[in-house]
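Topology and contacts: notes
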Amino acid sequence: AQSVTQLDSQVPVFEEAPVELRCNYSSSVSVYLFWYVQYPNQGLQLLLKYLSGSTLVKGINGFEAEFNKSQTSFHLRKPSVHISDTAEYFCAVSASGNKLVFGAGTILRVKS
Amino acid sequence: DTAVSQTPKYLVTQMGNDKSIKCEQNLGHDTMYWYKQDSKKFLKIMFSYNNKELIINETVPNRFSPKSPDKAHLNLHINSLELGDSAVYFCASSPSQTQGTYFGPGTRLTVT
């Protein structure tokens with residue numbers, strides 16, 4: 001079975017500052033890794049995914065994530081955040097059967 | 001040109017009632033899902049269908065019955081609603097495990 005731990009429930013950050021949202025996973029088999037964003041009262045939108053190959057993946061809205069197999073991590077980063085990035089971010093893994101196993105989410109609060 | 005749509009967006013009902021949520025995707029994907037997001041924003045898969053065939057049933061109570069009349073539709077019927085069923089239910093679809101999952105806007109179910 002797979003599990004995902006998002007280490008921070010909330011991350012406050014000032015506008016234009018860099019941010020890192022942390023994600024660790026556990027799995028006995030190879031997995032695919034995803035980050036989703038959920039704006040208030042909306043569905044989830046795929047930010048980026050890691051399938052194989054280069055460990056640094058770039059996504060939409062200037063986000064990127066780095067896969068680290070030895071540390072079983074897939075942290076999400078953005079060099080300069082905007083107010084509009086305020087949302088909840090979910091890390092997820094998929095090993096078989098297409099189902100996604102989600103972490104508990106991290107609320108990113110961008111302050112002006 | 002909505003990709004994954006759900007109706008209704010909000011559903012308020014009393015305990016013991018039976019209700020249905022409808023989902024349609026126009027992306028041509030083979031696999032469709034129902035996910036439940038509880039009051040703490042935790043997301044968990046309930047069901048997955050591939051080409052109208054049930055492939056994942058995550059120990060959901062029998063009161064929940066998904067139905068897929070065709071590849072583009074996956075409806076969720078809930079019998080004898082309970083207070084604990086209050087949540088946001090997301091329909092989703094994907095073309096394959098590696099392509100990511102596309103979520104609908106969600107249906108907020110409130111049972112009183």
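Because the structure is a prediction, the values reported are computed rather than measured. (Residues numbered from 1 in each chain as written. Chains lettered and ligands numbered in written order. Predicted model: local features only at pLDDT ≥ 70, side-chain atom pairs only at ≥ 80, totals over all residues. Heavy atoms only, no water.)

1. Regarding the pattern of salt bridges
- Scanning the model with the defined rule gives eleven salt bridges over all chains in all.
- In this structure, Lys78(A) engages Asp85(A) in a salt bridge whose closest nitrogen and oxygen atoms are separated by 2.8 Å.
- A salt bridge links Glu58(B) to Lys99(A), with the shortest nitrogen-to-oxygen separation between them at 3.0 Å. Placement of Glu58(B) in the loop between strand S6 (53–57) and strand S7 (64–70) and of Lys99(A) in the loop between strand S10 (87–94) and strand S11 (101–102) is noted, with the two residues assigned to different chains.
- According to the relative accessible area criterion, Glu58(B) is partly exposed, its value standing at 22%.
- By sharing partners, the salt bridges in this structure join Glu20(A), Glu66(A) and Arg77(A) into a single network. (Salt bridge = Lys/Arg side-chain N within 4 Å of Asp/Glu carboxyl O. Helix = DSSP H or I, 4+ residues; strand = E, 2+ residues; numbered from the N terminus. Buried < 20%, exposed > 50% of the residue type's maximum accessible area, 1.4 Å probe, protein only.)

2. Let's talk about the packing of aromatic side chains
- Taken as a whole, this structure holds 14 aromatic pairs over all chains when the rule is applied.
- Each ring, one from Phe102(A) and one from Tyr35(B), has its centre 5.7 Å from the other, and the planes form 85°; the classification is edge-to-face. Remark: Tyr35(B) occurs in strand S4 (residues 31–37) and Phe102(A) occurs in strand S11; the pair is interchain, linking two chains.
- Overall, the relative accessible area of 0% leaves Tyr35(B) in the buried class.
- Following the ring pairs from residue to residue traces out a cluster consisting of Phe34(A), Tyr36(A), Phe90(A), Phe102(A), Tyr33(B), Tyr35(B), Phe90(B) and Phe103(B).
- One cation-aromatic arrangement involves Lys111(A) over Phe14(A); the distance from NZ or CZ to the ring centre is 4.6 Å. (Phe/Tyr/Trp six-rings, centres within 6.5 Å; stacked < 30°, edge-to-face > 60°. Lys NZ or Arg CZ within 6 Å of the ring centre and 35° of its normal.)

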